[in-house]
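# Tertiary structure, described
Residue strings, one per chain:
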Amino acid sequence: MKINYGHLCIKAHYFFFVASTGVSYPYIPVYGKQIGVSPLVIGIIGTFFSILHLITKPVCGFIMDYSQWKKLIFIVLVALSSCSYVSIFFLPSLPGPMLLDQHFQNISYASLSTCDMENHALAIASCNGTKDTTCRWICNNMRSSMGLSFYPDQQRAIISPDTACLLNINETSLSQKNVTNNYNCNVTCDNFEDQCVYASNTFWSFVFLWSLAETSYFTSMSISDAMCFHILGQGKQSKFGKQRLWATMGYGVAACLSGYMMDLWSPNGIYQNYTPMLILALVFICVNLICCIKLEMPLEKGSTTILKDVFILLKSKSIVIFLCFVAFAGILNAIKRNYLFWYLEDLAIATGYMNKIKLIEGLIIIAETFGGEIAFLFFSGKIIKKLGYSYTIIFCFICYAIRWGLISLSPTPWWIIPIELIMHGSSYALCIAAISAYANVVTPPGTSVTVQGLVQGMHDSFGFSVGNFIIGVSYKTFGGTITMRIFSAFATLSALTYFIFSVLCLKHETPGLRNNVEWKNPDDARKHCVIAETFF
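Here goes a summary of the coordinates provided. (Residues numbered from 1 in each chain as written. Predicted model: local features only at pLDDT ≥ 70, side-chain atom pairs only at ≥ 80, totals over all residues. Heavy atoms only, no water.)

### Some words on the overall build of the protein chain
Threshold: The way it works is that DSSP assigns letters per residue, a run of H or I at least four long becomes a helix, a run of E at least two long becomes a strand, and they are numbered from the N terminus. Under the scheme applied here, a residue whose accessible area is under 20% of the maximum for its type counts as buried, over 50% as exposed, and between as partly exposed, the area being computed with a 1.4 Å probe on protein chains only. Whether two residues touch is decided by their heavy atoms; if any such pair falls within 4.5 Å, the residues are in contact. Computed by Shrake-Rupley with a 1.4 Å probe, the accessible areas treat only the displayed protein chains as cover when residues are assessed.
Across its full length, the protein chain holds 17 helices and 5 strands. Sorting the 536 residues of the protein chain into buried and exposed places 56% on the buried side. Counting contacts in the protein chain only where the partners sit at least 6 residues apart, residues at least 24 apart contribute 84% of the total. Carbon and sulfur atoms form 66% of the exposed surface of the protein chain, whose accessible area is close to 23600 Å².

Below is the structure:
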């Protein structure tokens, strides 16, 4: 096999850059859940900082296309994103226990006392770490729902007379308690209802660092993609997927290695030891910075009419429709980025697989990265050549519909592993390759970073923000299963609508790979116009 040494640097950058963020990125929503953030609030957070991304990506792209300090700006963004992601996990912990294991067995109902409601109200108001939750009790053939309050002087939630008391005891509950005096019960608890978390410095630091990390990361990726197309050269957009797959490999290696090392260094299972994450991130960041220094930045002169060029591009009907459906793809991908593991843990609680959940999450990451995503990125060029840009995107929407529909029907978390193995690459990876390559085909000279930022901003920022908000509301209102089915139906409708547009409106406007447009530099065009005028 012939090695193209000219592409080694961009491959290494993709691998180590995404690896430096992959050590921490998959676990951020789960970390938010552990400190008491609700799914609705996660959705609201994602909505607001994704809108910020939508603004910063084109702005940073505009600055990059004009600036003489392109490489310095790029290196700062790369380092900032990697460091911000890791810093989230070293925030000061909140007072009180974390509900890590939501299943409790052989609990004596009668041994628990009733909470002193007056003192309990004062404890909750003072935010001293007292936390309430609702638990379902199964005692022989008796089933009931009862609130528990956990005392603050513990790390992990334990149900005992010294660590918890019963809330909202009424006559019905007392009669149930008398009946179940002689039984040991199995108890399943919901996540803590802790409004104090939203007033804490830890929560707001969590929001700030996550926003900073996401903004700098996705801006850096759009710049990296523009650099990649510059290195590949004109007419070779189909080879983009073979370069981008190294980012997937970096993510898979780093996420799995990070999870394994954290489990290895955290034998008690109460609080995770995040030191391995920091060590891995520092190694990957240092190697990536060396790659960034050696990377070849685009040497083309920025367009002197960059905003005008982009606005002219946006007047095209096919480009506007394309950007709308790029946003739809971003909405569909929002489930994966913030809520798939959340849904997975809810399913594990319902089916009794919580003791194997980290293993299942690790296997899902491996299935997504080393299974479907690498394969589809590698063959993306051939698929796009065969189907064209429009039909490739339609195919991705169909795969999204099948993917979320199958996950909603999964009886246990183990079923999600083969679903992600088969469907993740054909929905997400192929879609990213198609929209990035299409954006490069229609980009005027000197505006590559700006246009890539605009297109990826519609997917990663606007689409993600809208999707995050809708998912948060839907998840809280209908639950995870119905939410998955709603988005499966939305993906089906998107595929059908884009197919109709492609047949009726876009058939003669969407460029093909064999019909590359040769753009002239605006300054050269003006020179030719001046020369032509002198003849008259």
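There is more to say after this.
### So, the sheet that holds strand β4 (residues 164-167)
For clarity, the cut-off: Whether two strands pair comes down to DSSP finding at least two bridges between them. All axes are obtained by fitting lines to C-alpha atoms, using only the stretch in contact for helices, and the reported angles, taken between N-to-C directions, cover 0 to 180 degrees.
The 5 strands lie next to each other as β1-β5-β2-β3-β4, forming an open sheet whose pairing is antiparallel. Two strands close off the open sheet at either side, each with one partner strand: β1 (103-108) and β4. Adjacent strand axes in the sheet meet at a mean angle of 40° when their direction is disregarded. With 4 bridges joining them, β1 and strand β5 (residues 184-189) adopt antiparallel strand pairing. Bridged to Ile107 within β5 is Cys185.

### Describing the packing of aromatic side chains
This is how it is decided: Pairing of aromatic rings covers Phe, Tyr and the six-membered ring of Trp, with a centre-to-centre limit of 6.5 Å; geometry is then stacked below 30 degrees between planes, edge-to-face above 60, and tilted otherwise. When the NZ atom of lysine or the CZ atom of arginine is within 6 Å of a ring's centre and also within 35 degrees of its normal, the charge is said to sit over that ring.
Here the structure, examined in full by the defined rule, presents 20 aromatic pairs. Pairing Phe378 with Phe379 gives two aromatic rings, centres 5.0 Å apart and planes at 85°, and the pair type is edge-to-face. For Lys242, the ring lying beneath its charged end belongs to Phe378, and the centroid distance is 4.9 Å.

### What about a nonpolar patch on the surface?
Going by this rule: Residues with no salt bridge and a relative accessible area higher than 30% make up the patches, which join like charges within 9 Å and nonpolar side chains (Val, Leu, Ile, Met, Phe, Trp, Tyr) within 5 Å. Salt bridges are defined by distance alone: a side-chain nitrogen of Lys or Arg within 4 Å of a carboxyl oxygen of Asp or Glu.
Among the surface-exposed residues, Leu387, Tyr391, Phe395, Leu496, Phe499, Ile500, Val503 and Leu504 lie close enough to one another that they form a single nonpolar patch of about 720 Å² accessible area. Of all elements in the fold, only α13 (380-408) and α16 (480-504) reach the threshold of two or more residues within the nonpolar patch. Among the elements that line the nonpolar patch, the one with the most residues is α16, at 5 residues.

### Focus on the environment of Lys33
Topologically, Lys33 is positioned in helix α2 (residues 28-34). Taking relative accessible area as the criterion, Lys33 reaches 10% and is therefore assigned buried. Placed 309 residues apart in sequence, Lys33 and Trp342 show a C-alpha to C-alpha distance of 8.2 Å. If near-sequence neighbours (up to four positions away) are discounted, Lys33 is found in contact with Asn191, Trp342, Glu345 and Asp346.

### Considerations on the state of the cysteines
Applied cut-off: Note on disulfides: each one is a pair of cysteine sulfur atoms within 2.5 Å.
Per the stated rule, a full pass over the model turns up 3 disulfides. Shown here is the disulfide that connects Cys127 with Cys196, its sulfur atoms set 2.1 Å apart. With the S-S dihedral at roughly -80°, the linkage between Cys127 and Cys196 falls on the left-handed side. Of this pair, Cys127 sits in the loop between α5 (117-126) and β2 (131-139) while Cys196 sits in the loop between β5 and α7 (201-232), and the two are 69 residues apart along the sequence. For Cys135, the disulfide goes to Cys189, at an S-S distance of 2.0 Å. Residues Cys135 and Cys189 are joined by a disulfide whose S-S torsion is about 100°; by sign, that bridge is right-handed. With a gap of 54 residues between them, Cys135 in strand β2 and Cys189 in strand β5 connect regions that are remote in the sequence. For the pair Cys135 and Cys189, a shared accessibility class is recorded, and that class is buried. Left unpaired, Cys286 is separated from the closest cysteine sulfur, that of Cys83, by 9.2 Å. Cys286 gets classed as partly exposed once you look at its relative accessible area, which sits at 48%.

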